[in-house]
Each structure stands twice: as structure tokens, then as C-alpha cells.
Amino acid sequence: MLHVAHITKLSAWLVSGGIFLSVANAEEEDTGTLQIESVPDELSADIHIAKEEGKEPPRSEAEDKKRTNLGIGEFVTLSLTGKPSLIGDVEKLEWEVISNKDIVHFIGKRKGVKKVKFQVSPYVKEGGNLTIQVKTSANLKKTIEFQVFLPKQDKNGQQQVTVQHAKNPKTGKRGYDEWNFEAFPTETGCYAKLEITLHPTDVSFKHVEVKETHLKNIPDPLPEMADEHKPLVIAADVNRRNVFIDNIGSPKTMNRCKDLPQEWWWVTKFSTSQFSDPIVDITTQKQYFRFDWSAPNEEGVTIRVTKFGRGVQRTAIKLPYYKPSRKPETLTQFL
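Residues numbered from 1 in each chain as written. Predicted model: local features only at pLDDT ≥ 70, side-chain atom pairs only at ≥ 80, totals over all residues. Heavy atoms only, no water.

### Observations regarding the overall build of the protein chain
Here comes step 1: Looking only at helices and strands, one finds four helices and 20 strands in the protein chain.
Here comes step 2: Taken over the C-alpha trace, the protein chain has a radius of gyration of 30 Å; the compact-globule value for 335 residues is 20 Å, which it surpasses by more than 25%.
Here comes step 3: Classification of the 335 residues of the protein chain by burial places 42% in the buried group.
Here comes step 4: Long-range pairs, those at least 24 residues apart, make up 64% of the contacts in the protein chain with a sequence separation of at least 6.
Here comes step 5: Put simply, the protein chain shows about 18,300 Å² of open surface, and 50% of that area lies on carbon and sulfur atoms.
Here comes step 6: The distance from the centre of the 47 positive side-chain charges to the centre of the 45 negative ones in the protein chain is 1 Å. (Helix = DSSP H or I, 4+ residues; strand = E, 2+ residues; numbered from the N terminus. Rg over C-alpha atoms; globule rule 2.2 N^0.38 Å. Buried < 20%, exposed > 50% of the residue type's maximum accessible area, 1.4 Å probe, protein only. Contact = heavy atoms within 4.5 Å. Areas by Shrake-Rupley, 256 points an atom, 1.4 Å probe, with all protein chains shown as cover. Lys, Arg positive; Asp, Glu negative; His and termini not counted. Charge placed at Lys NZ, Arg CZ, Asp CG, Glu CD.)

Spelled out as C-alpha cells, the structure:
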């Protein structure tokens, strides 16, 4: 008896009173057609977020590497596979962008190679469908399609970013006063480091930069205690979790705390950036400041700063009134 694995075709002819069998293997047929394999350099933010939070990722890393949803700035490697007879003369292979040509550039050769690498520009203003094609010496054409995404923008006045306090590296808990104001209970000031996540998170924005730009003050002119907002000149990097950092807070000397309460807002916007120049606006935010006496006898000052729906608050006690038993009043509250 004849046993053949993976037989997909079986032909028989009578030859001199016998039987001739022709067998084709399914695995050989499966690798015969031209295919374009796509592998992005980065895993999506979803995978890194799950690792950070100690949770099960929404898909395996192997599956994530097959994705055709891309964030602006991503690098991707494409490989042509298939029968040599279909690929033909490798020297005559030619790769080109069919749709959305302006948002992609090849890195290295795009002619005469079975493998190419490209980057979606991190500086584009629009995403959408991206189609890349390879053409063989026999004029056979194979295409692959991607969907390119920019960070989601404010919609109907609602922010599309998500925000949480950064983790304290010593405790692992969310809420981090990097300036350590708590060590100085008689000094006014508070501070918090915020993590702002760009969406969608099923892509990577690792190669995007985000720039903050000051728009206006409320009220204008600002009250006596307020300082002018001077955002960093350089743009903020985005990490593998699609997160960039924003710092909020306000240090003030006690002798500046007069005629309280005082409050004000800085209105700013965050945008994708090229050489620290804004390109596409992502979100507009108000950073709120309030300084108030912590008690009717003006023994201390309470400072509250909020932004992105998160905040930080702390009380400082004037030196003549401070005792170690009052230290709990001076601890930072993360809101």
C-alpha cells in the first residue's frame, strides 16, 4: 500500500499495464505564491503597557509583529517570499509606494533586493491607507496595505490622551514628587510627574516627539504671585508605551505668599513636533494654580496644581508655627 503525506494532487496514467502516480506536496504549493512579509521594528504600545502593569497582553508578541496598523514614525521591514521561478531575476525587483507616497521613505535600496526597509514619517499631518508594491522581472506585482495613524486629537473638547501619575521609583506606587518637597515642611511648593499616553495603543509612536506651546493666561494680566509660563524649548520624547512626561508644580518662597487666595491658569497645547516646531495639535490643556492660607490664622500655605484632570496638593507651615507633630499636614497629596 502506498502512503503519501500532504498529497493535494494525484494523477494516474496506465503505462504498459502499470500505474504511474504524480504527487504534489501541499507545503511546496503553499510556498509557491508570492508573499510580502511585514515586520515592524517596534512592538505596539499595548504589549509594553501590559508588561508595565504585569497583565496579560491582548495578543502575543509574534502576532503583534504581523500587524498592519502603524503609527507615524514607525520603521518596517518587508520581505518578498515565494518560488524563485516567480520571483525571477532579483536584480530586477522594484519596490514602490502606490498610495500616500509623501508619508514614507525607503531606507537603503529599493531596487534589486528581496528585502526593504521603510519609515513612516513622524512629521506628517494625515495618515490613512498606505500601499506598497513590488514588481518582478516578469511584471508580476504583489502589494501590501497598511493603515497609518496619528495620535488621536481632542474631540468635541474632550481629551483623547489618558493620564496617570508616574511611579515613585522607590515604592513602585503612582505619585512621584521628584523635587522631594516633603523633606522641607516649612518651604512652599509642590510637584508631580505625569505620564500622558497617546492613542491608539495598538501601534507605536516611539519615534514621535511632542512639543508644548503656551497659548494664553487666565486672567490676563496674571495675579501678582503668578509667573509667566515658559515651556521647554526642546520637545518631549515618546517612550515604547506611547507615553511622554509632563511635570506640574510650583515652587514659591513663603514671603511671596501674600494677599491670598490667588489663582490662575496657563492655557497650553501639545503637538507633534519637528525640530521643536509644532505640526499637528493633539490636545489643549489648562494648568490651574491656587495658593491659599491653610488656616484662618495664616499659619501655612496650601498649594494646588492641576492639569490633564490630575493634580498635586501640599501644605507648608510657617517656621514659627511648625512642630514635628505637624509634619503629616505637609505631605504631598496626589489627586
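### So, the packing of aromatic side chains
Here comes step 1: One pass over the structure, following the stated rule, counts 10 aromatic pairs.
Here comes step 2: Seen in terms of ring centroids, Trp264 and Phe289 are 5.2 Å apart; in terms of plane orientation they differ by 15°. Their pairing is stacked. In this pair, Trp264 is assigned in strand E16 (residues 262-274) and Phe289 in strand E17 (residues 277-293), connecting sequence segments 25 residues apart.
Here comes step 3: A residue is classified by how much of its surface remains accessible, and Trp264, at 1% relative accessible area, is buried.
Here comes step 4: What makes Phe289 buried here is its relative accessible area of 1%. (Phe/Tyr/Trp six-rings, centres within 6.5 Å; stacked < 30°, edge-to-face > 60°.)

### Thoughts on helix H2 (residues 45-53)
Here comes step 1: What H2 keeps buried is the set Ala45, Asp46, Ile47, His48 and Ala50.
Here comes step 2: In this fold, the buried residues of H2 make contact with helix H3 (61-64).
Here comes step 3: In the stretch just after H2, Gly54 is the one whose phi turns positive, near 70°.

### Looking at the sheet that holds strand E13 (residues 209-218)
Here comes step 1: Spatially, E14-E13-E16-E17-E18-E19-E20 is the arrangement adopted by the seven strands of the open sheet, whose pairing is antiparallel. At either margin of the open sheet sits one strand with a lone partner, and together these are strand E14 (236-237) and strand E20 (333-334).
Here comes step 2: Examined bridge by bridge, strand E19 (residues 310-317) and E20 share two bridges and lie antiparallel to one another. Bridge assignment links Val312 to a residue of E20, and that residue is Phe334. (Pairing = 2+ DSSP bridges.)

### Quick word on unusual backbone geometry
The general pattern is negative phi for most residues beyond glycine and trans for most peptide bonds.
Here comes step 1: Cis geometry is adopted by the peptide bond preceding Pro219, which originates at Ile218 and carries an omega value of -5°.
Here comes step 2: You can see Pro219 is positioned in the loop between E13 and E14.
Here comes step 3: Along the chain, Leu260 connects to Pro261 via a cis peptide bond; the corresponding omega equals 5°.
Here comes step 4: Tracing the backbone through its elements, the reader meets Pro261 in the loop between strand E15 (243-251) and E16.
Here comes step 5: Here the phi dihedral of Asn156 falls at roughly 50°; this positive angle occurs in a residue that is not glycine.
Here comes step 6: For Asn156, the position within the fold is in the loop between strand E10 (141-149) and strand E11 (162-165).
Here comes step 7: Residue Asn156 is classed as exposed on the basis of its relative accessible area of 74%.
Here comes step 8: Of note in the backbone geometry, Glu298 takes a positive phi value of approximately 60° without being a glycine.
Here comes step 9: Within the secondary structure layout, Glu298 lies in the loop between E17 and strand E18 (300-307).
Here comes step 10: A relative accessible area of 34% means that Glu298 is categorised as partly exposed.

### Topic: the environment of Lys286
Here comes step 1: Mapped onto the secondary structure, Lys286 falls in strand E17.
Here comes step 2: Note: C-alpha distance between Lys286 and Asp177 (109 residues apart in sequence) is 21 Å.
Here comes step 3: Excluding residues that lie within four positions of it along the chain, Lys286 makes contacts with Ile218, Trp265, Trp266, Val267, Thr306 and Lys307.

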